Each structure stands twice: as C-alpha cells, then as structure tokens.
2 protein chains.
Amino acid sequence: MTDISILGEFGLIRRLTKDLPQFNAGTLKGVGDDCAILGTDPKLRMLVTTDMLMEGIHFDLTYTPLEHLGYKAAMVNLSDIYAMNGTPRQLLVSIAVSRRFSVEHLEQLYAGLRRACKKHRVDIVGGDTTSSLTGLAISITCIGEAEEQDIARRDGACDTDLICVSGNLGAAYMGLQIMEREKAVFNSRPASDAEAAQPDFSGREYLIERILKPEARRDIIEALRETGIRPTSMIDISDGLSSEILHICHSSNTGCRLYEERIPLDYQTAAAAEEFNLNVTTCALNGGEDYELLFTVPLTDHEKVCALEDVSVIGHITHPEKGCALIARDGQEFELKAQGWNPLQ
Amino acid sequence: MTDISILGEFGLIRRLTKDLPQFNAGTLKGVGDDCAILGTDPKLRMLVTTDMLMEGIHFDLTYTPLEHLGYKAAMVNLSDIYAMNGTPRQLLVSIAVSRRFSVEHLEQLYAGLRRACKKHRVDIVGGDTTSSLTGLAISITCIGEAEEQDIARRDGACDTDLICVSGNLGAAYMGLQIMEREKAVFNSRPASDAEAAQPDFSGREYLIERILKPEARRDIIEALRETGIRPTSMIDISDGLSSEILHICHSSNTGCRLYEERIPLDYQTAAAAEEFNLNVTTCALNGGEDYELLFTVPLTDHEKVCALEDVSVIGHITHPEKGCALIARDGQEFELKAQGWNPLQ
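This report concerns the structure included in the present document. Just so you know, these numbers come straight off a predicted model, no measurement behind them.

Description of the pairing of strand 5 (residues 123-131) of chain A
Residue and element names in this part refer to chain A.
Argument step 1. Of all the nine residues making up strand 5, eight are buried; the element is thus mostly covered by neighbouring parts of the structure.
Argument step 2. For strand 4 (residues 87-97) and strand 5, the ladder comprises eight bridges, and the chain directions are parallel. Within strand 5, the position partnered with A96 by the bridge is T130.
Argument step 3. Crossover strand 4 to strand 5 through helix 3 (residues 103-119) is right-handed.

Structure, rendered in structure tokens:
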C-alpha cells in the first residue's frame, strides 16, 4: 500500500487521471488547468472548475465566521474562471453538515455565498445539501464562459514573455500565522479569563482580511481587456508563487527568471514576517491562498502592462534548458521549488 | 437556533435558495429539477447536476467495495442527466480522504468511476483531490446536453397523462436491509470466529447488486427516442416512488392516481420483504436508491409505451384538486406522502 503523501496532491492526480480516455468532441481540455474547457460552439467556450473545502483542513471554524467562509468558497472558484480569462456565470453549491449546525448557521454561510455571487453577477443554480458524521464539507462547481481566442491556458508562455502578478503576495499566509497564534493564546488562557482573552489584530487587519475574505481579481481581467493585453498564459495563486510559476513553465515547456526585489509585498506582510522571524520572500513564494493572478504577456506589451494599476512585472520566461530560478537581491540564483501548501502531506 | 431536521432536506433547500437573484440570460432553470439548464444556444442546452456522498451517511465501507462506490457515485449523477432526457458528456470528481486511505484505495475508486464513464461514454475532465480529517467524501458534477424540445422537466405533466416507471422498485432498499443485517451478524460474532463469518447472500444477489451497483437507465432514454415518445415530465427515483411522484405533481400542479397492483416488483424483493416482515409496497414507495426513471407520457402514447420493454404504466395524472393517492389492491385510496430517505433527519 502506497501512502498518499509520497505522491503529494499533483502526483496523485497525475496517477489517478493517467491515460483517461476521451469520448466527446466537446471536451476540449480536461484535467490539467484551472478549468476544463468544453463546447461545440467555436465562438463561445464553457469553462468548468470545482473545489472542495473540508473543515479542519481548509478552514478552522474557531476563527472563521461562516459568512466569510461562504464568501471565500465562492471566490476561490470564481478565481479559477478568471485565471482562464473567462467570465463566471453559474455556481453549484454542495454542503454536508453535522448535527452541531443549525438552519441559521447555513443561512450565514449562504449569505456569504450570495454576497460573492451578487458582486460578480453569478447565479446559484443548484447543488446538494446533506449531512456529515463529523465536520462541514463544502464543494463548489463554477461554470463560466470565454471566447476561444481569449482563453488563457497554462501552456501558452513563450521565451522572453514578461511574468506579471497582480496585487501583493504572502499576506494571506501571514494572516493565517496571526490567526493560529491568537487561537493558541486563546486555548491556553485560564478558564476564569474567558472574557478578557480578546484577540488583538490591530495593525494587522489587512492580513486577516486577506486570509478570511480574499477577492477574485475580476478587475485585473477587465483592465487587461480594456488595455488590449491578451495574456499568453495565466493561473491563479492558490498554492504559492513558486508552485504556480512552475505549473506554467512545465505546461509551456519553458524556464523562467523571477527577481526577488520585484515581488510585490505589503508593508504589513513584511512587518509580520519580521515579527514571526520568517523570511518574507519565502512567505511570498510558498505561502499560498493569495488568489492573485499570475500571467505572462509578450515583451511587446511591456509598456502597456507597466501602465496597469496593481500589476507588477516580476520576471521573464526563458528557454527550458535555463531552468526555473529566483534571482535574489544579491544576484545569486536559486532554483525554484514547489513547496506550497499541500493538503495531502 | 432551528434544528435542520425540522425543515428536512427539501425545506432547507427552499429556505436557503429563496429569492435567489438571477443575473445571466444563460441561466434557464436554476434550483428545483434534476439538473440546472444553461445555455445561450436555443438548439443545444447544457444540463448540470451535482451530488455529494459522505462516508457513514451515503455509504458504509464495511460492505461497499471502493470500485463499486466509484461506479455508483458516477451512476447517480448520470441518472440525473438522463432524468432530463439528456446525454451526459463530462464528469468532475472531487475526493477528500483521510490518512487511512492509500493510493491503491483511490485507484480502486477511480477504476469504478472510469468503468461507469466508459460505459456511458463520458469524459472525466477535472476535479479536486484533498484530505479529510475523518472519512471519505466524494462530490461529483456531471455535465450533459439536450436539445431544447427534448428536455423533460418535472413541471410538464398534464391531466390524463400516463405515469410510467422503468425496471422494478424496492430492490435496492431490500439489498440495503440484507447488507445491514449481515453487518450486524458479523459485528456480533465471537472474535475467534472471524474466518467463519462469511455473509450468505445466495438467492439475494440481485438485491445486493441493486444497492451496490445501480445502473443509470440510458437504455430507456434511447428506447423512448427510438419509439418517438417525448415524456411530458421525468425524474429519477433516488428517494422513493412516493417522494418523486409528489415532486412531479407539485411542480406540474396536478394530482395523480397510482395503482398498487401495477407497481413493478422483482421476485427477490417480494421474498426478502416477507422475510423481513415488511410490506413490499411500502418498500417500493419509500425505499429509494433504485435510480429508475419515473415519467409521464400523453394518453395518446398508450400503445407505444405499453410496447416498451422494462417499462410499466402504474397510474395517471389528475386535476390537482383530486390530490395524490395510491389505489390499493382492495380499491381503497391512500394519500401519498413523501417518507423517502432523508439524510437530514
């Protein structure tokens, strides 16, 4: 018997989905990107993605309000549609709950789902509601659409393309560290001190918001369209910059150079990393859960992309034999490795 | 705080999905049928359905081989597409597993999924693989297609339509009773007797197969097409005949009369019901998990539908004020109630 942790998530998926047969002409892209691509209409393609969130693995209800959880569960899926340069349209929501949940609990969860869907003009069209012996399980499927020529896959990056990222990185990871620390403090308080032990997040609000309430970057997709930039490849950052750029490079059969000094960081992220005695670049590379967009554009779009708000050019694509490396501030090269969050280890 | 069991599954869904806004013209039918109906192409519609299966609630691994579980998880979803008179095309598979599962366990589960998909020519196009703190959770989304004029919803039944059902009913429920009894026998054996305690299913193989390895009725959909019968409404029987015909009648705003003597039963079902001292009609009405198709056809299709193999006419649709009733063998009328399997009670 082989332990799943030996293969890890991506190794396991490769093994389980190896040599999958294909019966339908409408299946244009199966396993291996942010979404599957379906459709017989050459103009309008359908994008489908699904994500499962398990209590105790993906979220901790001791510090995650159910409304935020619903909001995040939707956002994580919308982000996958945007990562293909598509528009999300419909959502299916399956929930399994144990006896400790009431109708009002589920209404809070749904309030978050509804809020996310309203913001992104997405329809909740179905799902499943059932019970669970233990924790809460949420499975969401999102359906979107895109015109064929607009779709940004993982495998389209070319030599000399610029590597770009939206927003800033590592903040969600630092938010998680702060939540975990406050939880430990809370759990170790004397019983008599229950009232007094209020967590102190002052000056860290942004980090907390990044982990509890991420925003799918529709604004970036819209800005790219308005500017006439068509990304050659794109992915959303759920497992960390390092893991995601490696997905793009492996799928596109290229190498890359990222520049440490170009990686966008928020001031709060840097301050918290110092407080926790962590290297902030490591947090940005491997932290995950940022749900920012990582994409490549042709070198000729350099000026256009530099003019975009909240987008940073952090490196470039190379020939595959150059490998994938980070250039540190002192000029040293480090090989990039996927050390992002792995739920199966 | 309101206990979920007070509302039940359908009451909870109604409450959570009440007044859902709709933003997209491509959302043709949301919550409330076997599938959502999507699409902007008036000729070809997209059907989407999703189901979540939780260990200890929907399946018991002490007597469910993982390969059968994978097969059944796919079939349950394919059945929902057929229940709209559609053709399933793609499947997304999300799995959460705890540490007691090995790579080989998941390969068994996938072998069943692949077998079901091969049989029905469906492509596995994506999913999610993650971990769980306790049991196994499976969430499957199936995408299918149908031409607009072929789609059979729940709300199309009309007065005088014939009510038809495929195959026979109650067998899966009796199979479950037998499995549960053998499990109890096994658990109460003396420890020294571990080898000897082999379950005895002789003469009950069909019932066991019905609960462990249901088959989605593509053959019935194909037969209806070949014969030129277009069902006015259709649903698959997952929660029991009673619950499903009530869904059709409520959605269509009609009543119905079912005839007890017409309900198709297998000999093994009747024999097992007697052995367990259960009323076999009650098993057929409320048992669930049969995954047969329940549909209505215009009275003018009477001859055509009677000529179909493995289809029984079990009653007819009436005006709504006549209510929904079963006519027993002795001519007495009983009001139909949804007492099928409810995972939230």
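There's plenty left to go through after this.
So, the pattern of salt bridges
Residues and elements named next belong to chain A.
Argument step 1. Summed over all chains, the structure comprises 52 salt bridges over all chains.
Argument step 2. Ionic pairing is found between D33 and R154, a salt bridge with its closest N-O pair at 3.5 Å. Linking D33 in the loop between strand 1 (27-29) and strand 2 (36-38) with R154 in the loop between strand 6 (137-147) and strand 7 (162-166), this pair joins segments that are 121 residues apart in sequence.
Argument step 3. The exposure class assigned to R154 is buried, which follows from its relative accessible area of 13%.
Argument step 4. D219 is the partner of R217 in a salt bridge, and the nearest nitrogen-oxygen pair spans 2.9 Å.
Argument step 5. Residue D219 is classed as partly exposed on the basis of its relative accessible area, which comes to 40%.

Re the packing of aromatic side chains
Argument step 1. The final tally for this structure, using the stated rule, is zero aromatic pairs over all chains.
Argument step 2. The side chain of R262(A) reaches across the aromatic face of Y259(A), ending 5.7 Å from its centre.

Overview of the interface of chain B and chain A
Argument step 1. Counting residues at the interface gives 78 residues for chain B and 78 residues for chain A.
Argument step 2. When the two sides are added together, the surface that chain B and chain A hide from each other amounts to roughly 6,400 Å², 61% of it contributed by carbon and sulfur.
Argument step 3. The three residues of chain B that bury the most area against chain A are L16(B), F23(B) and M52(B), which together make up 11% of that side's buried surface.
Argument step 4. Along the contact surface separating chain B from chain A lie four salt bridges.
Argument step 5. Here E104(B) ties to R15(A) by a salt bridge, and the two come within 3.9 Å at their closest N and O atoms.
Argument step 6. Across the contact surface, chain B and chain A share 31 residue pairs in polar contact (both at pLDDT 80 or more).
Argument step 7. Counting only elements with at least two residues in the side of chain B that touches chain A, the list comes to helix 1 (4-16), strand 2 (36-38), strand 3 (44-54), strand 4 (87-97), helix 3 (103-119), strand 5 (123-131) and strand 6 (137-147) of chain B.

Concerning helix 6 (residues 218-227) of chain B
All names here are of chain B.
Argument step 1. Taken together, the buried positions of helix 6 are I220, I221 and L224. Burial along helix 6 is one-sided: seen end-on, the buried residues are contained in an arc of 100°.
Argument step 2. Those residues of helix 6 that are buried lie in contact with helix 2 (66-82), strand 7 (162-166), strand 8 (233-236), strand 10 (293-297) and strand 11 (311-318).
Argument step 3. The first or second residue beyond helix 6 is G228, which carries a positive phi of 75°.

Some details on the environment of T269(B)
Residue and element names in this part refer to chain B.
Argument step 1. Along the chain, the position of T269 falls in helix 8 (residues 267-275).
Argument step 2. Residue class for T269 comes out buried when judged on its relative accessible area of 0%.
Argument step 3. Separated by 52 residues in the primary sequence, T269 and R217 have C-alpha atoms spaced 20 Å apart.
Argument step 4. If near-sequence neighbours (up to four positions away) are discounted, T269 is found in contact with L169, G170, A171, M174, L207 and V280.

A closer look at the side chain of E244(A)
Residues and elements named next belong to chain A.
Argument step 1. Considering the arrangement of structural elements, one finds E244 in helix 7 (residues 241-252).
Argument step 2. Notably, E244 is buried but unbridged: the nearest opposite-charge side chain belongs to R154, and the N-O separation is 5.4 Å.
Argument step 3. Polar contacts involving the side chain of E244 include one to the main-chain amide nitrogen of S238, which spans 3.0 Å.
Argument step 4. Other than its neighbours up to four places away in sequence, E244 contacts I235, D236, I237, S238, D239 and L294.

Some thoughts on the state of the cysteines
Argument step 1. Following the criterion strictly, the structure yields zero disulfides over all chains and no others.
Argument step 2. C306(A) forms no disulfide, and the closest cysteine sulfur to it belongs to C164(A), at a distance of 7.8 Å.

Points about helix 3 of chain A
Argument step 1. Relative to the 24 Å expected for 17 residues at 1.5 Å per residue, helix 3 of chain A spans 24 Å between its end C-alpha atoms, a close match to the ideal helical length.
Argument step 2. Every buried residue of helix 3 of chain A is listed here: V103(A), L106(A), L109(A), Y110(A), G112(A), L113(A), A116(A) and C117(A).
Argument step 3. On the buried face of helix 3 of chain A, the contacting elements are helix 2 (66-82), strand 4, strand 5 and strand 6 of chain A together with helix 1 of chain B.
Argument step 4. Where helix 3 of chain A ends, the next residue or the one after it, R121(A), has phi of about 55°, a positive value.

Brief notes about the pairing of strand 8 of chain B
Residue and element names in this part refer to chain B.
Argument step 1. On strand 8, burial covers both faces: S233 and I235 on one face and M234 and D236 on the other are all buried.
Argument step 2. Pairing analysis gives four bridges linking strand 8 to strand 10, with the strands arranged antiparallel. Its bridge partner being in strand 10, M234 is matched across the sheet by F295.

Brief notes about the environment of T40(A)
Argument step 1. With respect to the helices, strands and loops of the structure, T40(A) is situated in the loop between strand 2 and strand 3 (44-54).
Argument step 2. Here T40(A) falls in the exposed class, since its relative accessible area comes to 56%.
Argument step 3. In sequence terms T40(A) and G26(A) are 14 residues apart; their C-alpha atoms lie 5.1 Å from each other.
Argument step 4. Excluding its chain neighbours within four sequence positions, the residues that come into contact with T40(A) are G26(A), R45(A) and L44(B).

Comments concerning the sheet that holds strand 3 of chain B
Residues and elements named next belong to chain B.
Argument step 1. Spatially, six strands are ordered 1-2-3-6-4-5 in an open sheet, and the strand pairing comes out mixed. The sheet is open, and its two borders are formed by strand 1 (27-29) and strand 5, each paired with just one other strand. Within the sheet, the average angular offset between the axes of one strand and its neighbour, ignoring direction, is 20°.
Argument step 2. Across the sheet, helix 2 lies against strand 3, strand 4 and strand 6, angled at about 30° from strand 6, the strand it touches most.

Quick notes on the relation of the copies chain B and chain A
Argument step 1. When chain B is fitted to chain A, the best match, at an RMSD of 0.0 Å, comes from turning it 180° and sliding it 0.0 Å along the axis. Expressed as a symmetry operation, the mapping of one chain copy onto the other fits a two-fold axis. Across chain B, the rotation axis passes nearest the C-alpha of S139(B), at a separation of 3.3 Å.
Argument step 2. When you check the interface residues of chain B against chain A, 100% turn up at the interface there too, and the contact is symmetric in its surfaces.

Calculation rules
- Residues numbered from 1 in each chain as written.
- Chains lettered and ligands numbered in written order.
- Predicted model: local features only at pLDDT ≥ 70, side-chain atom pairs only at ≥ 80, totals over all residues.
- Heavy atoms only, no water.
- Buried < 20%, exposed > 50% of the residue type's maximum accessible area, 1.4 Å probe, protein only.
- Helix = DSSP H or I, 4+ residues; strand = E, 2+ residues; numbered from the N terminus.
- Pairing = 2+ DSSP bridges.
- Right-handed = clockwise from strand over helix to strand, strands pointing away.
- Salt bridge = Lys/Arg side-chain N within 4 Å of Asp/Glu carboxyl O.
- Phe/Tyr/Trp six-rings, centres within 6.5 Å; stacked < 30°, edge-to-face > 60°.
- Lys NZ or Arg CZ within 6 Å of the ring centre and 35° of its normal.
- Contact = heavy atoms within 4.5 Å.
- Buried area = accessible area lost by both parts, 1.4 Å probe.
- Polar contact = N/O pair within 3.5 Å; in protein donor to acceptor, adjacent residues only side chain to side chain.
- Arc of directions from axis to C-beta.
- Lys, Arg positive; Asp, Glu negative; His and termini not counted.
- Disulfide = S-S within 2.5 Å.
- Expected span 1.5 Å × (residues − 1).
- Axes fitted to C-alpha atoms, helices over the stretch in contact; angles between N-to-C directions.
- Least-squares fit on C-alpha atoms with pLDDT ≥ 70 in both.

So yeah, pure geometry; function would need other evidence.
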